[in-house]
Amino acid sequence: MKMFFGKKYRLNLTKDEYNPIIHCLIDLKNNLIRQERYTDTVDVILIKSLRYKKVTF
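Residues numbered from 1 in each chain as written. Predicted model: local features only at pLDDT ≥ 70, side-chain atom pairs only at ≥ 80, totals over all residues. Heavy atoms only, no water.

Take the nonpolar core next. If you look at the biggest cluster of nonpolar residues, it comprises 6 residues: Tyr18, Ile22, Leu25, Leu32, Val42 and Leu46. For this core, the elements supplying multiple residues, two or more each, are α1 (15-34) and α2 (40-51). Looking at this core, the element that brings in the most residues is α1, giving 4 residues. What Leu46 contacts, discounting residues up to four positions off in sequence, is Ile22, Leu25, Ile26 and Lys29. (Core = buried A, V, L, I, M, F, W, Y, C linked by side-chain atoms within 4.5 Å. Buried < 20%, exposed > 50% of the residue type's maximum accessible area, 1.4 Å probe, protein only. Helix = DSSP H or I, 4+ residues; strand = E, 2+ residues; numbered from the N terminus. Contact = heavy atoms within 4.5 Å.)

Take α1 next. Between its first and last C-alpha atoms α1 spans 29 Å; for 20 residues at 1.5 Å apiece the expected length is 28 Å, and the two agree. Every buried residue of α1 is accounted for by Tyr18, Ile22, Leu25 and Leu32. Along the long axis of α1, the arc covered by the buried residues comes to 85°, so they all point the same way. Seen from the open side of α1, the exposed residues pointing more than 90 degrees away from its buried face are Asp16, Cys24 and Arg34. Buried residues in α1 make contact with α2. (Expected span 1.5 Å × (residues − 1). Arc of directions from axis to C-beta.)

Here the focus is the environment of Ser49. Topologically, Ser49 is positioned in helix α2. Every residue in contact with Ser49, bar those within four places of it in the chain, is listed here: Tyr18, Ile22 and Leu25.

Right under this line is the structure:
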């Protein structure tokens, strides 16, 4: 079974833009845990976003 992931996009973010996104994803994950719901999708997004090297502008 092949999965379709679609086009990949890359965002060039500054540190001031990047940090709030990560914190919001962590908050979302914590809320899902409190609701006893699955966090798999948020985990994948967090791992992918933390994996990229940070570029300074």
